[in-house]
Amino acid sequence: MTSEKRASLSDAAPVDSPSPSRHAGPSVVRVGVEEEYLVVDPISRQLSTRADKVVAEAATELGPRVTTELTRYQVEVRTRPHTSLGALGEELRHTRHAVARAAGRLGLRIVSTGTPVLGQHTPLPLTAGERYAQSLATFRALDHEQTVCACHIHVEIPDLATALAVSNHLRPWLPALIALSANSPYWDGQDTGYDSWRTLTWGRWPVAGPPPYFESPRQYEDLVSTLLTSQTLLDRAGVYWDIRPSHHVPTLEVRVADATPTPDDTLLLAGAVKGLAIAALTAVRDGRTAPRPQVELLRAAYWRAARDGVRGQSMDLTTGRLQPAARHLDHLWNTALPGLSPDDLATVHVARQRLADQGNGADRQRAAYRRRHSYHDVVDHLVHQTTA
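What counts, and where the lines are drawn
Residues numbered from 1 in each chain as written. Predicted model: local features only at pLDDT ≥ 70, side-chain atom pairs only at ≥ 80, totals over all residues. Heavy atoms only, no water. Phe/Tyr/Trp six-rings, centres within 6.5 Å; stacked < 30°, edge-to-face > 60°. Helix = DSSP H or I, 4+ residues; strand = E, 2+ residues; numbered from the N terminus. Core = buried A, V, L, I, M, F, W, Y, C linked by side-chain atoms within 4.5 Å. Buried < 20%, exposed > 50% of the residue type's maximum accessible area, 1.4 Å probe, protein only. Contact = heavy atoms within 4.5 Å. Pairing = 2+ DSSP bridges. Expected span 1.5 Å × (residues − 1). Axes fitted to C-alpha atoms, helices over the stretch in contact; angles between N-to-C directions. Left-handed = near helix turned anticlockwise from the far one by under 90°. Parallel < 35°, antiparallel > 145°, perpendicular 65-115°, else oblique. Nonpolar A, V, L, I, M, F, W, Y, C, P; charged D, E, K, R; others polar. Salt bridge = Lys/Arg side-chain N within 4 Å of Asp/Glu carboxyl O.

Peer 1: Looking at this structure, I do not really get the packing of aromatic side chains. What am I missing?
Peer 2: Aromatic ring pairs are described here by two measures, namely the spacing of the ring centres and the angle between the planes. Under the defined criterion, the tally for this structure stands at ten aromatic pairs. With 5.3 Å between their ring centres and 85° between their planes, Tyr 186 and Tyr 375 make a pair best called edge-to-face. Within this pair, whereas Tyr 186 is found in strand 6 (residues 186–187), its partner Tyr 375 is found in helix 14 (residues 375–386), the two being separated by 189 residues in sequence. Aromatic ring contacts, followed pair by pair, group Tyr 186, Tyr 369 and Tyr 375 into a single cluster.

Structural data, given as structure tokens:
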């Protein structure tokens, strides 16, 4: 994403009725993606600690768009911002293939999954660097179980007040986004019974999960300052809420999703987030107040979505009652699709059809396992899916 700094607004500006951004029109909303992959050995199917070598090899083609992550198992890539999902898809495919080729030259493979299928070393082999060392000293065993990978969608929103207002409107949709992107059913060679085990693992961090409802930029800044002062955060980059204003680029970052199996799955997620953000920007411009579900119900809805995915039940945050997850997703698409361009709709349609036919990534991982009851088959399936 661009390195331009976020414009500041008066702290007194109310979040639900900020001055609308000139960039709020559907035709100019730009989105970018961060994806994380795991590096595996193609023979043993176990994780490889040579991610830094893969990054160095891939950087000859991708430059700073590829980097290391917390553990030496992980690779992170970043796209540029795009107004078109089609153009975003072209870059995603190019990026995945570039990293896969780099891994292949080292005799390795990459997989895009929320958690490793097979085991990991404990304690984890952490990437060298002062910040990672400080993280281990502060968060201790939490770092030992963070071989998890996510897909982050950035929506370009230049000012903090509008970003927080959009965050308020997006909060109720987070469980649905968990369900459609769930791709982490296995952990340490076992089926967890959840479609997104990463959601449960990640939720243990002190500043993670659903974000608070923010009344104003001042409230946001005061809370972050308190978390920094109390040493709950190492720095602003450690704000891990599932929606957060980026601390260094003018975007709102939606971080709730597992790493997705295919580029089309990433585009489905990006299309959902883009469409919901456009609807939220319209609501902010019109002065409509965001829904404010109880925090306890929102967390319960997270748990249900992480467990059941798209083929089970979801929680209605208004009534607290269960409903088919498919019905909840229909509500999401009824909100998100009207803001998308015809080209974006065509891109989303392909991935929606696959979701309807084959389920989410977790469903597909389990289908791969059932063929021969082999976890090796699941890893091979993920290798193929990652660059499909």
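Peer 1: Is there a simple way to explain the nonpolar core in this structure?
Peer 2: Across soluble globular proteins, nonpolar side chains have a tendency to be buried as a group. Within the largest apolar cluster, 55 residues are counted, with the highest numbers of intra-cluster contacts made by Leu 177, Leu 180, Leu 332 and Trp 333. Broken down by element, the residue count for this core peaks at twelve residues, all from helix 9 (residues 263–285). The residues touching Leu 177, leaving out its near neighbours within four places in the chain, are Val 254, Val 256, Leu 269, Ala 272, Val 273, Leu 276 and Leu 332. Ala 51, Val 75, Val 77 and Leu 108 belong to the second-largest nonpolar core, a separate cluster that totals 16 residues.

Peer 1: In this structure, what is going on with the pairing of strand 1 (residues 31–40)? I would like to understand it.
Peer 2: When a strand is regular, its side chains alternate between the sheet's two faces. Taken across its ten residues, strand 1 has ten buried, putting it largely inside the fold. Going residue by residue along strand 1, you find Val 31, Val 33, Glu 35, Tyr 37 and Val 39 tucked away on one face and Gly 32, Glu 34, Glu 36, Leu 38 and Val 40 tucked away on the opposite face as well. For strand 1 and strand 5 (residues 150–156), the ladder comprises five bridges, and the chain directions are antiparallel. Residue pairing in the sheet places Val 33 in a bridge with Ile 153 of strand 5. In this sheet, strand 3 (residues 74–78) lies alongside strand 1 in antiparallel orientation, the contact comprising five bridges. Bridging from a neighbouring strand, Leu 38 pairs with Gln 74 of strand 3. Examined bridge by bridge, strand 1 and strand 4 (residues 109–111) share three bridges and lie antiparallel to one another. Paired with Leu 38 across the bridge in strand 4 is Val 111.

Peer 1: For this particular structure, what's the right way to read helix 10 (residues 295–308)?
Peer 2: Two residues of an α-helix separated by three or four positions point the same way, owing to the 3.6 residues in each turn. If you check helix 10, its first and last C-alpha atoms are 20 Å apart, about what 14 residues at 1.5 Å a residue would give, namely 20 Å. Where helix 10 is concerned, the buried positions are Leu 298, Ala 301, Tyr 302, Arg 304, Ala 305, Ala 306 and Asp 308. Buried positions along helix 10 lie against helix 6 (174–181), helix 7 (197–202), strand 8 (208–209), strand 11 (251–258), strand 12 (313–315) and strand 13 (322–324). At the C-terminal side of helix 10, Gly 309 shows a positive phi close to 60°.

Peer 1: In this structure, what is going on with the packing of helix 2 (residues 85–105) against helix 9? I would like to understand it.
Peer 2: Axis angle and axis distance: for two packed helices, these are the angle between their axes and the distance between the axes, and together they describe the pair. Packing of helix 2 against helix 9 leaves a shortest axis separation of 10 Å and a crossing angle of 145°. Relative to helix 9, helix 2 is oriented so that their crossing is right-handed. Of the residues in helix 9, those in contact with Leu 85, Leu 88, Gly 89, Leu 92, Arg 93 and Arg 96 of helix 2 are Pro 263, Asp 264, Thr 266, Leu 267, Ala 270 and Gly 271.

Peer 1: What should I look at first to understand the environment of Lys 53 in this one?
Peer 2: Summarising the element assignment, Lys 53 is placed in helix 1 (residues 51–62). As a C-alpha pair, Lys 53 and Leu 106 span 53 residues in sequence and 8.1 Å in three-dimensional space.

Peer 1: Help me understand the packing of helix 6 against helix 10 in this model?
Peer 2: It is the contact of helix 6 with helix 10, at a shortest axis distance of 8 Å, that shows an interaxial angle of 10°. Between helix 6 and helix 10, the crossing angle belongs to the class labelled roughly parallel. Between helix 6 and helix 10, the contacting residues are Leu 174, Pro 175, Ile 178 and Ala 179 on the first element and Leu 298, Ala 301, Tyr 302, Ala 305 and Ala 306 on the second. The class makeup of the residues in the contact of helix 6 with helix 10 is nine nonpolar, no polar and no charged.

Peer 1: Sorry, what's going on with the pattern of salt bridges here?
Peer 2: Opposite charge on two side chains allows them to pair when their charged atoms are near. Within this structure, the stated rule accounts for 25 salt bridges. Salt-bridge contacts for Asp 380 lead to Arg 45; the nearest nitrogen and oxygen are separated by 2.8 Å. Highlighted residues: Asp 380 in helix 14 and Arg 45 in the loop between strand 1 and helix 1, separated in sequence by 335 residues. Arg 285 is paired through a salt bridge with Asp 286; the nearest N and O atoms lie 3.4 Å apart. Judged by its relative accessible area of 53%, Arg 285 falls in the exposed class. Through salt bridges with shared partners, a single ionic network connects Arg 65, Arg 80 and Glu 91.

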